[in-house]
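Remarks on the overall topology
So the chains spell out like this:
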Amino acid sequence: QSQQNVDNFSKQSSRSVNTLRTAFIALGGATIIKSIADVGASFQQLQNSLNVVFGSVEEGAAAFERVQDFAAGTQFSVQQLTQAFVQLKGAGVEPTEEMLMTFADTASVTTDQMGTFQAALDLVSRSTAGGLGLEDLNRLADRGIPVFQILQERLGLTRLEVSDFGKTAAGANTIVRELLTGLNQRFGGALESQVGLLKFELNQLGDAFDNLQVALFGKVSDAAAGTVRALTDAINS
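So, here's what we can say about the structure. Since the model is a prediction, treat every value here as computed from it, not as a measurement.

Parameters and conventions
Residues numbered from 1 in each chain as written. Predicted model: local features only at pLDDT ≥ 70, side-chain atom pairs only at ≥ 80, totals over all residues. Heavy atoms only, no water. 1 Å grid on protein atoms, 1.4 Å probe; cavity = no way out; pocket = protein on both sides within 12 Å on 5 of 7 lines; lining within 4 Å. Points joined across faces, edges and corners; volume = space filled by probe spheres on them. Helix = DSSP H or I, 4+ residues; strand = E, 2+ residues; numbered from the N terminus. Nonpolar A, V, L, I, M, F, W, Y, C, P; charged D, E, K, R; others polar. Axes fitted to C-alpha atoms, helices over the stretch in contact; angles between N-to-C directions. Parallel < 35°, antiparallel > 145°, perpendicular 65-115°, else oblique. Left-handed = near helix turned anticlockwise from the far one by under 90°. Contact = heavy atoms within 4.5 Å. Phe/Tyr/Trp six-rings, centres within 6.5 Å; stacked < 30°, edge-to-face > 60°. Buried < 20%, exposed > 50% of the residue type's maximum accessible area, 1.4 Å probe, protein only.

1. Quick notes on the layout of surface pockets
There is about 170 Å³ of room inside the largest pocket. Lining the largest pocket are Gln75, Phe76, Gln80, Gln113, Met114, Gln194, Leu197, Lys199, Phe200 and Asn203. Elements supplying a minimum of two residues to the lining of the largest pocket: helix H5 (113-127) and helix H10 (198-236). Considering every element that reaches the lining of the largest pocket, the biggest residue donor is H10, with three residues. Looking at side-chain class alone, the lining of the largest pocket contains four nonpolar, five polar and one charged residues.

Written out as structure tokens, the structure is:
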């Protein structure tokens, strides 16, 4: 009787373990599917934003390909770089790999890399509006970038003189041009020191995994969108 009880308990435990394993497999599968859908939908939205600011689907697709290629060699994600492309293009600035690499190199020497990158983007974007204020330069200076020293060396302007000089569109454009040149001279290639560091490599892994999910999503996106649309119509009816 005792042996029979042990056998029964063993069978029940085995069934419970199998049931639990099946549940975890199903949960894991659902999580993966949701992740693929979320990333794929996010990339669709990014692509659409680029289509709008670049003026056509073809131009947007070409820009998105540039973003993905550039992301593969930097510390920033496809999402972050797409937003950079949209911001610059929307401000009337042609986003070039050279400009963005200067920003990435400069950001790599700071502790707040994304904040530095965004401050540089904002600086360039706002300069096209016809003026450049000290607050825009101070955002970079506060992160340890010697912007005023660079401008003193390249333009011979003090901090106060920079403020007056940047009030016109021509002056603002000159400041941005000389600052970018100075940043590239000081920090060009600095990003290479990040290669091999865990944070950088984890970012590269994340980008690779996102690209894999997007590739999988591309195989079923049209059918999935149609299914969701049909379900929405049924609920509305």
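2. Here we look at the packing of helix H4 (residues 97-107) against H5
In the contact formed by H4 and H5, the axes pass within 8 Å of each other and the chain directions differ by 140 degrees. In terms of orientation, H4 lies oblique with respect to H5. Of the two possible hands of crossing, H4 and H5 adopt the one that is right-handed. Packed against H4, whose contacting residues are Met99, Leu100, Phe103, Ala104, Thr106 and Ala107, the element H5 presents Gln113, Thr116, Phe117, Ala120, Leu121 and Val124 at the interface. Its residues assigned to classes, the contact of H4 with H5 shows nine nonpolar, three polar and no charged.

3. Quick word on the packing of aromatic side chains
For the structure shown, the criterion picks out three aromatic pairs. Ring geometry for Phe54 against Phe85: centres 6.5 Å apart, planes inclined by 35 degrees, an arrangement best described as tilted. Taken as a pair, Phe54 in helix H1 (residues 2-54) and Phe85 in helix H3 (residues 78-90) lie far apart in primary sequence, 31 residues in all. A relative accessible area of 12% means that Phe54 is categorised as buried. Taking the relative accessible area as the measure of exposure, Phe85 reaches 1% and is therefore buried. Judged by centre distance (6.2 Å) and plane angle (80 degrees), the rings of Phe103 and Phe117 are edge-to-face. Here the residue Phe103 occupies a position in helix H4, and Phe117 occupies one in helix H5, the gap between them amounting to 14 residues. Summarising the burial analysis for this pair, Phe103 and Phe117 share the class buried.

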